[in-house]
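# Architecture and fold: a report
Here are the chains, one letter per residue:
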Amino acid sequence: MKEVVLSGIRSTGNLHLGNYFGALKNFVRMQDDYDCRFFIADLHALTTTPDPKLLHANVKNILAEYLAAGLNPEHATIFVQSDVPEISELYLLLNMHVGIGELMRTVSFKDKARKMLGISGGESDDDIEKQIIGTDSNKRVNAGLLTYPTLMAVDILIQKAHKVPVGKDQEQHLEMTRRFARRFNAFYGTDLFVEPTNFNFGSAPVKVPGLDGSGKMGKSEGNCLYLIDDEKTLRKKVMRAVTDEGPKVPNSPVSPTVENLFTLMELTSTPDTVQHFRDAYADCSIRYGDLKKQLAEDILKITLPIRERILEYQNDDALIARVVKQGAERARHYAAQTLAEAREVMGIKKFY
Ligand code: TRP
């Protein structure tokens, strides 16, 4: 039996190069060797952006993007979280074994709560807690956000996943998942839940930088190159990337902003091209305009074919429906089994 690999992505906007190099490309490579299950976390999206007009459209977009990037529904189970109601039920059950203290100490929760309350940072955890408890109703920190880690743990535990490929920012959630699994198993004297590990398919985790010189590419940073960007948009974004004044003396150290461009280039261009610009940097003959032009060219070689497929799949409702229906059936098959076992050990039994 193949090991189960599970990963999800929140449906809050389009996929960018960070998602592609950080996750999707690896997902595609794993499809044949593992029992892969990839899903769209639309319930998780509700914790921060409950917009009924956008929710469904976003889910569809990401599905089209998953498929366009190379996920194959014949090899992997591709599903939508809300299509598996067993997840919601187990989420309620598992919450009975999760402490509000440990949830409140979660880094992602504190960050998001800060944002919702409009506090810029610097405040101590005590201050944040006071604000959460004492705040008025238009600046609510919702309970769904607090219990985000429970829901994520259930996504994983209900599929009995062994390996969960996620980025560094999700490491704490995975750690909590293991803790919840261990605690539940110990409390009920069962071995129902499997403790999952992070998994990068042998490759070191890639950090895809943004174009604004500020580190990571991220939706909330507004520094993204999207798979769906058209040629003109993408070129414009790359040409506008932040650089510096250029090397003044040979073999100068490379500033972080320019190193970001090199990192992107290493992901998208040939080694020869990268070396050419590294050499040009070292002997001070580099022109950032040329580097950016080349970079845009090489990124487009990767993204334009994907973009074409995205547009095609977005218009193919029948295909999307077929994929998620089949995915939901498979995912529910496993989820229902785990849920039944959990109800049983917890003593939830029917009288009829
Ligand atoms: N929290 C993850 C993120 O923001 C998305 C996610 C939800 C997830 N459930 C999951 C990832 C289960 C892996 C497994 O990226």
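Here is what the cut-offs are and how they apply
- Residues numbered from 1 in each chain as written.
- Predicted model: local features only at pLDDT ≥ 70, side-chain atom pairs only at ≥ 80, totals over all residues.
- Heavy atoms only, no water.
- Helix = DSSP H or I, 4+ residues; strand = E, 2+ residues; numbered from the N terminus.
- Rg over C-alpha atoms; globule rule 2.2 N^0.38 Å.
- Buried < 20%, exposed > 50% of the residue type's maximum accessible area, 1.4 Å probe, protein only.
- Contact = heavy atoms within 4.5 Å.
- Lys, Arg positive; Asp, Glu negative; His and termini not counted.
- Charge placed at Lys NZ, Arg CZ, Asp CG, Glu CD.
- Pairing = 2+ DSSP bridges.
- Right-handed = clockwise from strand over helix to strand, strands pointing away.
- Near = heavy atom within 4 Å.
- Polar contact = N/O pair within 3.5 Å; in protein donor to acceptor, adjacent residues only side chain to side chain.
- Areas by Shrake-Rupley, 256 points an atom, 1.4 Å probe, with all protein chains shown as cover.
- Core = buried A, V, L, I, M, F, W, Y, C linked by side-chain atoms within 4.5 Å.
- Domains from an automatic or database assignment.
- Buried area = accessible area lost by both parts, 1.4 Å probe.
- Salt bridge = Lys/Arg side-chain N within 4 Å of Asp/Glu carboxyl O.
- Expected span 1.5 Å × (residues − 1).
- Bend = angle between axes of the 7 residues up to and from the residue.

### Topic: the overall build of the protein chain
- Along its length, the protein chain carries 15 helices and 5 strands.
- Its C-alpha atoms give the protein chain a radius of gyration of 22 Å, within 12% of the compact-globule value 20 Å for 352 residues.
- Along the longest, intermediate and shortest principal axes, the C-alpha atoms of the protein chain span 80 × 50 × 40 Å.
- Across the 352 residues that make up the protein chain, the buried fraction comes to 47%.
- For the protein chain, the proportion of contacts with a sequence separation of at least 24, taken over those separated by at least 6, is 77%.
- Placing the 45 positive and 47 negative side-chain charges of the protein chain at their respective mean positions leaves the two points 2 Å apart.

### Looking at the pairing of strand 2 (residues 35-41)
- Across the 7 residues that make up strand 2, a large majority, 6, are buried.
- As paired elements, strand 1 (residues 4-10) and strand 2 share 7 bridges and run parallel to each other. Directly across from Val4, in strand 2, lies its bridge partner Asp35.
- Crossover strand 1 to strand 2 through helix 1 (residues 17-30) is right-handed.
- Relative to strand 3 (residues 77-80), strand 2 runs parallel, the two sharing 4 bridges. Bridged to Ile40 within strand 3 is Val80.

### Thoughts on the environment of Leu295
- Summarising the element assignment, Leu295 is placed in helix 14 (residues 288-314).
- Classification of Leu295 as buried rests on a relative accessible area of 0%.
- It is 8.1 Å that separates the C-alpha atoms of Leu295 and Leu261, two residues lying 34 residues apart in sequence.
- Setting aside residues no more than four positions away along its own chain, Leu295 makes contact with Val238, Leu261, Leu264, Met265 and Thr268.

### Regarding the site of the ligand
- In the vicinity of the ligand, 13 residues are found, and the nearest of them are His44, Tyr148, Met152, Asp155 and Gln170.
- One of the side-chain nitrogen or oxygen atoms of Tyr148 is found 2.7 Å away from a nitrogen atom of the ligand.
- Between a nitrogen atom of the ligand and a side-chain N or O atom of Gln170, the distance comes to 2.9 Å.
- Burial of the ligand by the surrounding chains reaches 90%, relative to a free accessible area of 360 Å².
- For the shell around the ligand, the secondary structure elements donating two or more residues are strand 1, strand 2 and helix 9 (148-158).
- A per-element tally of the shell around the ligand places helix 9 first, with 4 residues.

### Comments concerning the nonpolar core
- Membership of the largest hydrophobic core comes to 60 residues, with the highest contact counts inside it found for Leu17, Leu24, Phe38, Leu63, Tyr66, Leu225 and Ile286.
- If one sorts the elements of this core by residue count, helix 14 sits on top with 9 residues.
- Excluding its chain neighbours within four sequence positions, the residues that come into contact with Leu225 are His16, Leu17, Leu211, Met217, Leu234, Lys237, Val238 and Ile299.
- In this structure, Leu103, Val141, Leu146 and Met152 belong to the second largest nonpolar core, which totals 44 residues.

### Focus on the domain arrangement of the protein chain
- Considered domain by domain, the protein chain is made up of domain 1 (4-98 + 147-207 + 317-346) and domain 2 (229-311).
- Its C-alpha centre places domain 1 at a distance of 34 Å from the equivalent point of domain 2.
- The partner domain 2 presents 9 residues to the 9 residues of domain 1 that form the contact.
- Broken down residue by residue, the surface that domain 1 buries against domain 2 is led by Leu17, Phe21 and Ala68, which jointly contribute 59%.

### Describing the pattern of salt bridges
- Inspection of the entire model under this criterion finds 21 salt bridges.
- With its nearest N and O atoms 3.5 Å apart, the salt bridge here joins Arg178 to Glu171.
- Residue classification places Arg178 among the buried positions, given a relative accessible area of 13%.
- Here Glu171 falls in the partly exposed class, since its relative accessible area comes to 29%.
- Between Arg182 and Glu195 there is a salt bridge; the shortest N-O distance is 3.2 Å. One end of the pair, Arg182, is in helix 10 (residues 171-188); the other, Glu195, is in the loop between helix 10 and strand 5 (197-198), and 13 residues separate them in sequence.
- Bridged by salt links that share partners, the residues Glu102, Arg179 and Arg183 form one connected network.

### Side note on helix 1
- Taking 1.5 Å of rise per residue, the 14 residues of helix 1 would be expected to cover 20 Å, and the 19 Å separating its terminal C-alpha atoms lies within 8% of that figure.
- The sharpest bend along helix 1 comes to roughly 35°, located at Ala23.
- Restricting attention to buried positions, one finds in helix 1 the residues Leu17, Gly18, Asn19, Tyr20, Phe21, Leu24, Asn26, Phe27 and Met30.

### Structural notes on unusual backbone geometry
- Even without a glycine there, the phi angle at Asn251 is positive, about 60°.
- Looking at the secondary structure, you find Asn251 in the loop between helix 11 (231-239) and helix 12 (256-268).
- Its identity as a non-glycine residue notwithstanding, Cys284 has a phi of 65°, on the positive side.
- Relative to the helices and strands, Cys284 resides in the loop between helix 13 (271-282) and helix 14.
- The class of Cys284 is partly exposed, set by a relative accessible area of 27%.

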